[in-house]
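# A structural walkthrough
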Amino acid sequence: MTQSASRSKPKNVRQGLSRYEPGAHLWAPFVVHFRGGVASLLAFVIAYFATVPLEDAMALLTLGAYTIVPAAGALYATVWGFMSVAILHRLRYRDRLRLHFAWYAGVGAVALTLFALATLAVSRGIATGYYDPSTSPLFLAFLAGAPVVGAAGAVFGRWVIDKGIIWHRWIVREPLPDVFTFVEGKHDKDDFKRL
């Protein structure tokens, strides 16, 4: 009874548009945002291979190449996708790409810097008992590099998902008629075969 009652109500449906119409908004499915998160990992790959000697980088990469790296990459891409959904929702009525790049770069820089400092604080706390990231010899490198890598990765990810973001509008879909209700004079398939 409840299911048929909910089916009988009009439903708001998002409809894609080929071009802008008044009242339209930008939207993309989460898969598109996830793809942007995967693409933004390129900034980490470049920073990793630029700062670590090649032999050490490859040795460390082979230790977790089949387990840790894919899991961490999928987790990062998922978090990045949720961040991208939130930013795009905030900018849903504005289609200026430079404005989107600025927002993505700012949020990416701040988010990665906070995450890097929190990670550094936890690692220092485990090693020394003091949760102060500034005592680490890598503090200044993290403080300088994290905003650059975060901003570059976010902008590249936004550039990748640009083709998947299209204009949409909300339409009200009327409920479908209940096919199981008896209608006087209605014929079914067997009736037509007999005719």
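Residues numbered from 1 in each chain as written. Predicted model: local features only at pLDDT ≥ 70, side-chain atom pairs only at ≥ 80, totals over all residues. Heavy atoms only, no water.

## Here we look at the overall build of the protein chain
Put simply, the rule is: Counting from the N terminus, the helices are the DSSP runs of H or I reaching at least four residues and the strands are the DSSP runs of E reaching at least two. Burial classification: accessible surface area is computed with a 1.4 Å probe over protein chains only, and a residue below 20% of its type maximum counts as buried, one above 50% as exposed, and the rest as partly exposed. Contact definition: two residues touch when any of their heavy atoms are within 4.5 Å.
Along the protein chain, the regular secondary structure elements total seven helices and three strands. Sequence-ordered secondary structure for the protein chain, helices as α and strands as β, is α-β-β-α-α-α-α-α-β-α. In the protein chain, buried positions account for 26% of the 195 residues. For the protein chain, contacts bridging at least 24 residues in sequence account for 77% of all contacts bridging at least 6.

## Some words on the layout of surface pockets
This is how the line gets drawn: Residues are said to line a cavity or pocket when one of their atoms sits within 4 Å of a point; the points come from a 1 Å grid over protein atoms alone, cavities being sets where a 1.4 Å probe fits but cannot get out and pockets being open sets with protein on both sides within 12 Å along at least five of seven lines. Grid points are joined across faces, edges and corners, and a volume is the space filled by probe spheres set on the points. Each residue gets one of three labels, nonpolar for Ala, Val, Leu, Ile, Met, Phe, Trp, Tyr, Cys and Pro, charged for Asp, Glu, Lys and Arg, and polar for the others, Gly among them.
Considering only enclosed or pocket space, the largest pocket measures out at about 1600 Å³ in volume. Phe44, Tyr48, Leu112, Phe115 and Val149 are the residues nearest the centre of the largest pocket, which is lined by 36 residues in total. Those elements that place two or more of their residues in the lining of the largest pocket are α2 (30-51), α3 (54-63), α4 (68-90), α5 (97-128) and α6 (139-160). Here the lining of the largest pocket gets nine residues from one element, more than from any other, and that element is α4. Contributing to the lining of the second largest pocket are 14 residues, with Arg14, His25, Leu26, Trp27 and His89 lying nearest its centre. Elements with a contribution of two residues or more to the lining of the second largest pocket: β2 (25-27), α2 and α4. Grouping the constituent residues of the lining of the second largest pocket by class yields eight nonpolar, four polar and two charged.

## Observations regarding the packing of α2 against α4
To be explicit about the condition: To get an axis, fit a line to the C-alpha atoms, keeping to the stretch in contact for a helix; angles then go from 0 to 180 degrees between the N-to-C directions. An angle counts as roughly parallel when it lies under 35 degrees, as roughly antiparallel when it exceeds 145, as roughly perpendicular when it falls between 65 and 115, and as oblique in every other case. For any helix crossing, the convention is left-handed if the near helix is rotated counterclockwise from the far helix by under a right angle, and right-handed if that rotation is clockwise.
One way to put it is that α2 packs onto α4 with a least axis distance of 7 Å and a crossing angle of 120°. Classed by the angle they form, the pair α2 and α4 counts as oblique. Like other packed secondary-structure pairs, α2 and α4 cross with a definite hand, here right-handed. Within the contact between the two elements, α2 uses Phe30, His33, Phe34, Gly36, Gly37, Val38, Ser40, Leu41 and Phe44 and α4 uses Gly73, Ala74, Tyr76, Ala77, Thr78, Trp80, Gly81, Phe82, Ser84, Val85 and Leu88. In the contact of α2 with α4, the residues fall into twelve nonpolar, eight polar and no charged.

## Digging into α6
Quick reminder of the rule: A helix is expected to reach a length of 1.5 Å times the quantity of its residues less one. Bend, in this description, refers to the angle at a residue between axes fitted to the seven residues ending there and the seven starting there.
With 22 residues, α6 extends 31 Å from end C-alpha to end C-alpha; this agrees with the ideal 32 Å at 1.5 Å per step. At glycine 145, α6 shows its strongest bend, of approximately 30°, with the proline proline 147 following within four residues. The complete set of buried residues in α6 reads Phe139, Ala146, Val149, Gly150, Ala151, Gly153, Ala154, Gly157 and Arg158. In this structure, the buried side of α6 is in contact with α2, α4 and α5.

## Topic: the environment of alanine 74
Mapped onto the fold, alanine 74 is located in helix α4. Overall, alanine 74 belongs to the partly exposed group, its relative accessible area being 33%. Taking C-alpha positions, alanine 74 is 7.6 Å from valine 38, a pair spaced 36 residues apart along the chain.

## Observations concerning the sheet that holds β2
Where we set the bar: Strands are labelled as partners when DSSP assigns at least two bridges between them.
Taken in spatial order, the three strands line up as β1-β3-β2 in an open sheet, and their pairing is antiparallel. Bordering the open sheet on either side are β1 (11-16) and β2, each of which pairs with just one other strand. Neighbour-to-neighbour, the strand axes of the sheet open up by a mean angle of 55°, direction not taken into account. Pairing of β2 with strand β3 (residues 166-173) involves three bridges; the strand directions are antiparallel. Within β3, the residue paired with histidine 25 across the bridge is histidine 168.

## Regarding the environment of valine 172
As for its position among the elements, valine 172 is in strand β3. The class of valine 172 is exposed, set by a relative accessible area of 51%. Taking the C-alpha atoms as reference, valine 172 lies 6.3 Å from proline 10; in sequence the two are 162 residues apart. Apart from the residues lying within four places of it in its own chain, the contact partners of valine 172 are Pro10, Lys11 and Asn12.

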